[in-house]
Amino acid sequence: MAQPELLRRFWRSKTAVVGAVLMAGIVFAVMFASLIAPQNPYDLRQIYLEDSCQPPVWLKTLKPAGTTEDVEQGAIPEARGFILGSDEDGRDVFSAILYGMRISLFVGVSATFLSALIGIFLGLTAGYYRGRLDTVIMRLADVQLSFPSILIAILLMAIWGSGLLQIIVAVVVVRWVVYARTIRGSMLAEREKEYVLAARALGASSPAIIVRHILPNIISPIIVISAVEIASVIMLESTLSYLGLGVPPTKPSLGMLIKFGYDVILSGYWWISVFPGIALVMIVFAINLLGDWLRDTLNPNLGQMVQ
Amino acid sequence: MLKYLAKRFFHIIFVLIGVSLIVFVVMYKAGDPVRVMLPPTATRLELEAMRRQLGLDKPLIVQYAIFLKNAAHGNLGISYHHSLPVVKLILQRLPATLELSLASMLFSVIFALPIGILAAVRPYSRVSQSLMVGSILGISLPTFWIGIMGILIFGVWLNWLPPFGRGETVAIAGIQWSWLTVDGLKHLLMPAVTLGLYQLAMLIRLVRAEMCDVLQTAYISVARAKGLSEARVTFKHALRNALIPVVTIIGLQFGGLIAFSLITETIFQWPGMGKLLIDSIAMVDRPVVVAYLMIIAVVFVVINLVVDITYTLIDPRIRMQ
């Protein structure tokens, strides 16, 4: 597909544009989190326990910190306004969300990238060389796919304990299969084609054929899977973190922020879990909108009805 | 057919041995159950005695052999924490989980079929297009957050539905069920919708995609050319073929629903086996974790088998191999 054609199609799809704008906004917010955020939520010097559980500022029911005399005497600073409220420790929820999105996106992108790397490598080798290697890899994939990935991830995290590296490795262990499966399928279709035979006749080595000739031809399924995968990995990570089996409490992702909020939700402090949740849904929704458009556009077999 | 079933049966045994071995080794590394069971003031001697009593002083391979021998007799061990046979413990919790998963499956199928068909039959109408965008939003909502929002809005703010627990149950054949009482249904509604929402969004997209494919085939044009009514073409001719892959996915997803119910159960304090698993992992209750995963493995393999068999029943073109 020619580049201008692709762009034209992109502008014609409202959902894709909305997804892209949302995503651009999120990436911008995450990149400049330290400039946008009113406070650094991990700098204990900027957090005051007196600010605990302040409602969002636009609700205008600011509870004064300490007694009125305390405020008048200047012993305790006057209650500060928090755009989206503050949590139990007096941390600004908006700032925590900005930093939490950074962690969610980091885990999502790096875990997807690593599982793509491993899955593509295994899928390509299994599909090209076939034989015993193929059998072993695909049996492993079968067994793993017959079990819900959330269960495997929960078990792994239960042994390893929470941590950034641990959660990334656990995600890679459960998600490489998705790539390996699809890439092997595409490889099986490609390896019989004439251009592969031609390349072989010209004396190209197998690795060269795989990387230079076949890989470029199966790039579109890789792109489509990756979009969907980043979204589902972010969901998986947030679910695990919500269960307390994900990122460490010192580096809270959006899932963990929601968990913090859930613990106090019955006390009426709803904003602590509602806003991180909205941020999480926005990220996943934006990626899914883009992924949906990519699938319709790059996969000629699907979505002809919609265009 | 018999040969096929025998082959599948051996497959199940193979999977079970594999799962139990992996989980056994994994849980061996997951922590020391004795330390969790005894108070922190326990002496080394007490710890040792407890360990010997539970057979945990033996090498891993011996422990596994004993486990396999007992498992062959249907005994998967005794929970460290509840002091009950784990099979009994899990089977006690199974109805609650099954009830929840079935209810959410029912919810998603009832809504997904008409919406999916509508979106396929009128792909350009504004309603269908907003439904499709809505379904993308649906797959973007994390289960646990929907649950929290449900509790907050319907449980706390509006006070329409009870936020936690299973409510009043009625015993039938010794099993407690919630859906037979009004109170139980009220308790069931929110968890079931929470668990089923993702499923609903996914099924809408699947039904629509399959219907779109089928509606483009030649035999549909023939049916239309014969002068059949559009309703007859849609429901009698197109839907039947479109449903084949849909039934498969619904079946396969049921296993996923049972597994994913552990999050819904944790949020709504639903006393099912998923909540039992999460609690048991935290307490290093090894026998429960091993047994839970083996039971889930059985459920999965059985579901796969049933799906394969129904597949051949709906579509005679597929032969069993």
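Since we're looking at a predicted model, the values are computed, not measured.

Draft legend 1. Just the packing of helix α5 (residues 86–121) of chain B against helix α10 (residues 230–268) of chain B, in detail. All names here are of chain B. Axis separation between α5 and α10 bottoms out at 9 Å; the angle between their running directions is 145°. Helix-helix and strand crossings are classified by hand; for α5 and α10 the assignment is right-handed. Contacts between α5 and α10 involve Thr-97, Leu-98, Leu-100, Ser-101, Leu-102, Ser-104, Met-105, Val-109, Leu-113, Ile-117 and Val-121 from the former and Thr-234, Phe-235, Leu-239, Leu-243, Ile-250, Phe-254, Leu-257, Ile-258, Ser-261, Thr-264 and Glu-265 from the latter. Broken down by class, the residue content of the contact of α5 with α10 amounts to 15 nonpolar, six polar and one charged.

Draft legend 2. A look at the layout of surface pockets. Computed from the structure, the second largest pocket encloses a volume of approximately 640 Å³. Elements with a minimum of two residues in the lining of the second largest pocket: α6 (131–145), α7 (149–160) and α8 (164–190) of chain A together with α1 (2–29) of chain B. Per element, the largest residue contribution to the lining of the second largest pocket is seven residues, and it comes from α1(B). Residue composition of the lining of the second largest pocket, grouped by class: 17 nonpolar, three polar and one charged.

Draft legend 3. Focus on the packing of aromatic side chains. Using the criterion set out here, one finds 14 aromatic pairs over all chains in the structure. Measuring from ring centre to ring centre gives 5.4 Å for A:Phe10 and A:Trp11, while their planes differ by 70°; the resulting arrangement is edge-to-face. Residue classification places A:Phe10 among the buried positions, given a relative accessible area of 15%. Connected via pairs of aromatic rings, a cluster forms that spans A:Tyr269, A:Trp270, A:Trp271, A:Phe275 and B:Trp157.

Draft legend 4. A look at the confidence of the model for chain B. Residues and elements named next belong to chain B. Across chain B, pLDDT averages 82, with 96% of residues at or above 70. Between the elements of chain B, mean pLDDT differs from a low of 71, seen in strand β1 (residues 170–172), to a high of 90, seen in α5. Interface predicted TM-score (ipTM) for the complex: 0.82; the corresponding pTM is 0.85.

Draft legend 5. Summary view of the pattern of salt bridges. Tallying each qualifying case throughout the model produces nine salt bridges over all chains. The salt bridge partner of A:Glu190 is A:Lys193, with a shortest N-O separation of 3.1 Å. Take A:Lys193: its relative accessible area is 40%, and that puts it in the partly exposed class. Where B:Lys275 meets B:Asp279, a salt bridge forms, and the shortest distance between an N and an O atom there is 3.3 Å. Here the residue B:Lys275 and the residue B:Asp279 both occupy positions in helix α11 (residues 273–282), the gap between them amounting to four residues, near one helical turn. The exposure class of B:Asp279 is partly exposed, given its relative accessible area of 31%. Sharing partners across several salt bridges, the network here consists of A:Arg130, A:Asp134 and A:Arg184.

Draft legend 6. Looking closely at the interface of chain B and chain A. With 45 residues of chain B in contact, the opposing surface of chain A contributes 36 residues. Between chain B and chain A the total buried area reaches about 3600 Å² when both faces are included, carbon and sulfur atoms providing 82% of it. The interface formed by chain B and chain A includes one salt bridge. Among the ionic pairs, B:Arg205 bridges to A:Asp292, the shortest N-O distance being 2.4 Å. Counting across the chain B and chain A interface gives four residue pairs in polar contact (both at pLDDT 80 or more). Elements that contribute at least two residues to the side of chain B that touches chain A include exactly α1, α6 (126–139), α7 (143–157), α8 (182–215), α10, α11 and α12 (286–314) of chain B. With eight residues, α7(B) is the largest single contributor of residues to the side of chain B that touches chain A. Considered class by class, the residues forming the side of chain B that touches chain A number 39 nonpolar, three polar and three charged.

About the cut-offs
Residues numbered from 1 in each chain as written. Chains lettered and ligands numbered in written order. Predicted model: local features only at pLDDT ≥ 70, side-chain atom pairs only at ≥ 80, totals over all residues. Heavy atoms only, no water. Axes fitted to C-alpha atoms, helices over the stretch in contact; angles between N-to-C directions. Helix = DSSP H or I, 4+ residues; strand = E, 2+ residues; numbered from the N terminus. Left-handed = near helix turned anticlockwise from the far one by under 90°. Contact = heavy atoms within 4.5 Å. Nonpolar A, V, L, I, M, F, W, Y, C, P; charged D, E, K, R; others polar. 1 Å grid on protein atoms, 1.4 Å probe; cavity = no way out; pocket = protein on both sides within 12 Å on 5 of 7 lines; lining within 4 Å. Points joined across faces, edges and corners; volume = space filled by probe spheres on them. Phe/Tyr/Trp six-rings, centres within 6.5 Å; stacked < 30°, edge-to-face > 60°. Buried < 20%, exposed > 50% of the residue type's maximum accessible area, 1.4 Å probe, protein only. pLDDT = per-residue confidence, 0-100. Salt bridge = Lys/Arg side-chain N within 4 Å of Asp/Glu carboxyl O. Buried area = accessible area lost by both parts, 1.4 Å probe. Polar contact = N/O pair within 3.5 Å; in protein donor to acceptor, adjacent residues only side chain to side chain.

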